[in-house]
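Understanding the architecture of this molecule
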Amino acid sequence: METGLNTNLPISRLLKQSTPFYYYDIELLHSTLQAIKQAVSGMPYHIHYAVKANGNSHIMEEVFKAGLGADLVSGGEIKAALAAGCPAQAMTYSGVGKADWEIRLSLENEIGCFNVESIPELQVINQIALEMDKVAHVAIRVNPDIDAHTHRYITTGTADNKFGISLEDLSSVIDMAQSMPHIHLRGLHFHIGSQITDMQPYVMLCETINRLQDEYAQRGIAFELINVGGGLGVDYTDPEQHPIADFERYFNVFKHHLNLRPCQTLHFELGRSIVAQCGSLLSRVLYVKESRGKRFVILDAGMTDLIRPALYQAVHQMQNLTSAHLETATYDIVGPVCESSDTFAHNSILPLTQRGDLIAIRTAGAYGQSMSSTYNMRALPPAVFSD
Ligand SMILES: *Cc1c(COP(=O)(O)O)cnc(C)c1O
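To start, this report covers the structure provided alongside it. This structure is a prediction, so every number in the text was calculated from the model and none was measured.

**Regarding the packing of helix α6 (residues 119-132) against helix α7 (residues 170-179)**
For the pair α6 and α7, the least separation of the axes is 11 Å and the interaxial angle reads 5°. One element, α6, and the other, α7, form an angle in the roughly parallel class. Each of Ile-119, Leu-122 and Gln-123 in α6 lies in contact with α7, whose residues at this interface are Val-173, Met-176 and Ala-177. Here the residues of the contact of α6 with α7 are counted per class, giving five nonpolar, one polar and no charged.

**Structural notes on the packing of aromatic side chains**
Overall, the coordinates contain 14 aromatic pairs when judged by the stated rule. Judged by centre distance (5.2 Å) and plane angle (75°), the ring pair of Tyr-250 and Phe-254 falls under edge-to-face. Taken as a pair, Tyr-250 and Phe-254 lie in helix α9 (residues 247-257) at a separation of four residues, close to a single helical turn. Exposure remark for Tyr-250: the relative accessible area of 0% places this residue in the buried category. Between the aromatic rings of Phe-251 and Phe-268, the centroid separation amounts to 4.9 Å while the plane-to-plane angle is 80°, which identifies the pairing as edge-to-face. A residue pair is termed long-range when its members are at least 10 positions apart, and Phe-251 in helix α9 and Phe-268 in strand β10 (residues 265-270) qualify at 17 residues. Phe-268 sits in the buried class, given a relative accessible area of 0%.

**Comments concerning the nonpolar core**
Tyr-49, Ile-59, Phe-114, Leu-188, Phe-251, Phe-254 and Ile-274 are the most contacted members of the largest nonpolar core, which totals 105 residues. Among the domains, domain 1 (26-275) and domain 2 (279-385) are the pair contributing at least three residues each to this core. With 10 residues, the next largest nonpolar core counts Leu-9, Leu-282, Ala-360 and Val-384 among its residues.

**Focus on the environment of Asp-25**
Along the polypeptide, Asp-25 turns up in the loop between β1 (21-24) and α2 (26-40). Between the C-alpha atoms of Asp-25 and Asp-100, which are 75 residues apart in sequence, the distance is 38 Å. If near-sequence neighbours (up to four positions away) are discounted, Asp-25 is found in contact with Cys-278 and Ser-386. Looking at Asp-25, its side chain comes within polar contact range of the main-chain nitrogen of Glu-27, at 3.2 Å.

**Quick notes on the site of the ligand**
Every one of the 15 residues lining the ligand counts as a neighbour, but Lys-52, Ser-194, Glu-269, Arg-272 and Tyr-367 are closest to it. Within the backbone of Gly-231, an N or O atom sits 2.9 Å from an oxygen atom of the ligand. Between Arg-272 and the ligand, the recorded distance is 2.8 Å, taken from a backbone N or O atom to an oxygen atom. Out of a free accessible area of 390 Å², the ligand has 94% covered by protein chains. Here the shell around the ligand is composed, by residue class, of three nonpolar, seven polar and five charged.

**Describing a negative patch on the surface**
A surface patch of negative charge is lined by Asp-145, Asp-147, Glu-168 and Asp-169. Locating Asp-169 in the fold gives a position in the loop between β7 (165-166) and α7.

**Describing the side chain of Glu-62**
With respect to the secondary-structure elements, Glu-62 resides in helix α3 (residues 57-65). A polar side-chain atom of Glu-62 sits 3.1 Å from a polar atom in the side chain of Lys-65. Excluding anything up to four places from it in sequence, Glu-62 contacts Ile-26, Leu-29, His-30 and Leu-33.

**Regarding the pattern of salt bridges**
Under the defined criterion, the tally for this structure stands at 10 salt bridges. Taking the shortest distance from any N to any O, the salt bridge between Arg-141 and Glu-117 comes out at 2.9 Å. A residue pair is termed long-range when its members are at least 10 positions apart, and Arg-141 in strand β6 (residues 136-143) and Glu-117 in the loop between β5 (113-116) and α6 qualify at 24 residues. Under the relative-accessibility criterion, Arg-141 is labelled buried at 5%.

**Observations regarding the packing of helix α5 (residues 100-109) against α6**
Running from amino to carboxyl end, α5 crosses α6 at an angle of 55°, the nearest separation of the two axes being 10 Å. Accordingly, the angle class assigned to the pair α5 and α6 is oblique. When you trace α5 past α6, the crossing you get is right-handed. Between α5, through Asp-100, Ile-103, Arg-104, Leu-107 and Glu-108, and α6, the contact on the second element is made entirely by Val-124, Ile-125, Ile-128, Ala-129 and Met-132.

**Structural notes on the pairing of strand β2 (residues 45-50)**
The buried count for β2 comes to five of six residues, which makes it a mostly enclosed element. Note: β2 against β10, five bridges, orientation parallel. The residue bridging Tyr-49 from the neighbouring strand is Leu-270, located in β10. Pairing analysis gives three bridges linking β2 to strand β3 (residues 69-72), with the strands arranged parallel. By the bridge assignment for β3, Tyr-49 is matched with Ala-70.

Thresholds, definitions, all that
Residues numbered from 1 in each chain as written. Predicted model: local features only at pLDDT ≥ 70, side-chain atom pairs only at ≥ 80, totals over all residues. Heavy atoms only, no water. Axes fitted to C-alpha atoms, helices over the stretch in contact; angles between N-to-C directions. Helix = DSSP H or I, 4+ residues; strand = E, 2+ residues; numbered from the N terminus. Parallel < 35°, antiparallel > 145°, perpendicular 65-115°, else oblique. Contact = heavy atoms within 4.5 Å. Nonpolar A, V, L, I, M, F, W, Y, C, P; charged D, E, K, R; others polar. Phe/Tyr/Trp six-rings, centres within 6.5 Å; stacked < 30°, edge-to-face > 60°. Buried < 20%, exposed > 50% of the residue type's maximum accessible area, 1.4 Å probe, protein only. Core = buried A, V, L, I, M, F, W, Y, C linked by side-chain atoms within 4.5 Å. Domains from an automatic or database assignment. Polar contact = N/O pair within 3.5 Å; in protein donor to acceptor, adjacent residues only side chain to side chain. Near = heavy atom within 4 Å. Areas by Shrake-Rupley, 256 points an atom, 1.4 Å probe, with all protein chains shown as cover. Patch = residues over 30% accessible without salt bridge, like charges linked within 9 Å, V, L, I, M, F, W, Y side chains within 5 Å. Salt bridge = Lys/Arg side-chain N within 4 Å of Asp/Glu carboxyl O. Lys, Arg positive; Asp, Glu negative; His and termini not counted. Charge placed at Lys NZ, Arg CZ, Asp CG, Glu CD. Left-handed = near helix turned anticlockwise from the far one by under 90°. Pairing = 2+ DSSP bridges.

Remember that the coordinates give geometry; whether it matters functionally is a separate question.
Here it is as structure tokens:
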């Protein structure tokens, strides 16, 4: 089917599938991983893939084959990452609410690092490690009070949110960690937010880390590792133009602004920037409904398949892959779920659209399938891979 549309999606192949489903361009994933490797080559940098962005086993296998570690936020993710071939040593485990069984699972497998977010968590990890006759490797998650200028639901590094230890409490927590026999303090961890496209917050993060390192060096405390988390953003408005995030620019911030000590390693936890662009959600138009001068395109995909627009007012590029019309119209694009927030786009300009058209919702590889649910007893969307 010919369209004037500029898309890199294999339309004839996608037309054979029943909708909705996720399509992953594995070649793009490979090129993305290659770009990361190239940007960090020769540096003492360790990249961990934040599995919560997309826990699909095929995606994880490709990422771990490329030599990345994993950043995990639950026992379920730890098990899935082990099954997908990630060595436990290359795992970091983050999150404010680690359950006892999850801590035990991590210690049993001797994961590389717990990112510890509170004093009671540190005490429980020490106690469980004592019972298991293990030593837990930990980094303290610091809340550096930096505003990443992103959506308030994905800002994590400001004083008023639940993540990490505040700068005022840091010294006492470090002293406490160092006095605990079953805790080995490896370093400091930070993660300031997600979908960050302005590099200034990362420059500020580097400056905060430099200050902290100087301060602790004076007290004779050195860290083996610094972990700066993830959060690098991608281009949601023009995925064809920017299929790969600007890793060069991102890593250069740390190369130029962070004073890494000799023998220190720098760890990153990237999720979105690795997988967002390789995924699209494919859906068919069920109905085009006109009401009070407004036109609604009603899709067979809904917020249960991709919740980002409903949850964060996120914008995704919408493409009609099959309309042969040159004429365009303005549509609100909505799903079938019984919630007003089940809306993918307002005032989206598409070629004239009709029942049966195939619609691609682009840049859906991160926090798409991994956040899908069965609300309204809908089926979970399946995945189709380019390879
Ligand atoms: C979610 C998360 C990440 C990944 O964030 P992205 O924006 O997807 O890169 C990294 N570290 C921690 C602690 C996280 O919670």
